[in-house]
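Summary of the model geometry
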Amino acid sequence: MPKVDKARKWQRWIHDALENAKAHDIAVLDVRNISDFTDYMVIATGTSNRHVQSTADKVVAALREHGVRPVGAEGEKIGDWVLIDYGDVVVHIMR
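Residues numbered from 1 in each chain as written. Predicted model: local features only at pLDDT ≥ 70, side-chain atom pairs only at ≥ 80, totals over all residues. Heavy atoms only, no water.

Now for the overall build of the chain. Within the chain one finds 2 helices and 5 strands. In the chain, the succession of α and β elements from N to C terminus is α-β-β-α-β-β-β. Here the chain has a C-alpha radius of gyration of 12 Å; the compact-globule value for 95 residues is 12 Å, and the two agree. Overall size of the chain, expressed as C-alpha extent along the three principal axes, is 35 × 30 × 20 Å. In the chain, which comprises 95 residues, the proportion classed as buried is 38%. (Helix = DSSP H or I, 4+ residues; strand = E, 2+ residues; numbered from the N terminus. Rg over C-alpha atoms; globule rule 2.2 N^0.38 Å. Buried < 20%, exposed > 50% of the residue type's maximum accessible area, 1.4 Å probe, protein only.)

Below, the discussion takes up the nonpolar core. One finds I14, L18, V59, I84, Y86, V89 and I93 to be the most contacted residues of the largest nonpolar core, which totals 21 residues. V89 has contacts with A7, W10, Q11, I14, T38, Y40, V42 and I84, leaving out every residue within four places of it along the chain. (Core = buried A, V, L, I, M, F, W, Y, C linked by side-chain atoms within 4.5 Å. Contact = heavy atoms within 4.5 Å.)

All right, on to the side chain of T55 then. On the secondary structure map, T55 appears in helix α2 (residues 49-64). In this structure T55 comes out as buried when scored by relative accessible area, which is 0%. Discounting residues that sit within four places of it in the chain, T55 has contacts with L18, A21, A23 and I93.

Tracing the backbone through its elements, the reader meets R69 in the loop between α2 and β3 (72-74). Distance in space between the C-alpha atoms of R69 and I43 is 18 Å, their sequence separation being 26 residues. Apart from the residues lying within four places of it in its own chain, the contact partners of R69 are R64 and Y86.

A few words now on the sheet that holds strand β1 (residues 24-30). The strand order β1-β2-β5-β4-β3 describes an open sheet built from 5 strands, whose pairing is mixed. Single-partner strands in this sheet number two, and they are β1 and β3. Looking at each pair of strands side by side, their axes are set apart by 10° on average, direction ignored. (Pairing = 2+ DSSP bridges. Axes fitted to C-alpha atoms, helices over the stretch in contact; angles between N-to-C directions.)

Okay, the pattern of salt bridges next. Counting across every chain of the model gives 3 salt bridges. Of the charged contacts in the structure, one is a salt bridge between R95 and D80, with a shortest N-O distance of 2.9 Å. Placement of the pair is R95 in the segment after β5 (89-94) and D80 in the loop between β3 and β4 (81-85), with a sequence separation of 15 residues. (Salt bridge = Lys/Arg side-chain N within 4 Å of Asp/Glu carboxyl O.)

Bridge count between β1 and strand β2 (residues 40-45): 5 bridges; the pairing is antiparallel. Each residue of the ladder has a partner; that of D30, found in β2, is Y40.

See below:
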């Protein structure tokens, strides 16, 4: 599967997971022309630290169902800002 198709599919799965988790202000940014390290950035907000943490967990679980695991993640324990790196798609969830 071409890299762009894979990244588009992943960002749609992430967007759906964020909607299901009731995240706010979901934005998908196509950064292919301005970034060397990722194709899409998905940004969303949560209403509290707990909401940010559970939303991030739901994103990871949703992609895991499709066999996709993150390259890395940061901020899960505190919950003010969680970054989930899938390589071609980077997810930011902020309080």
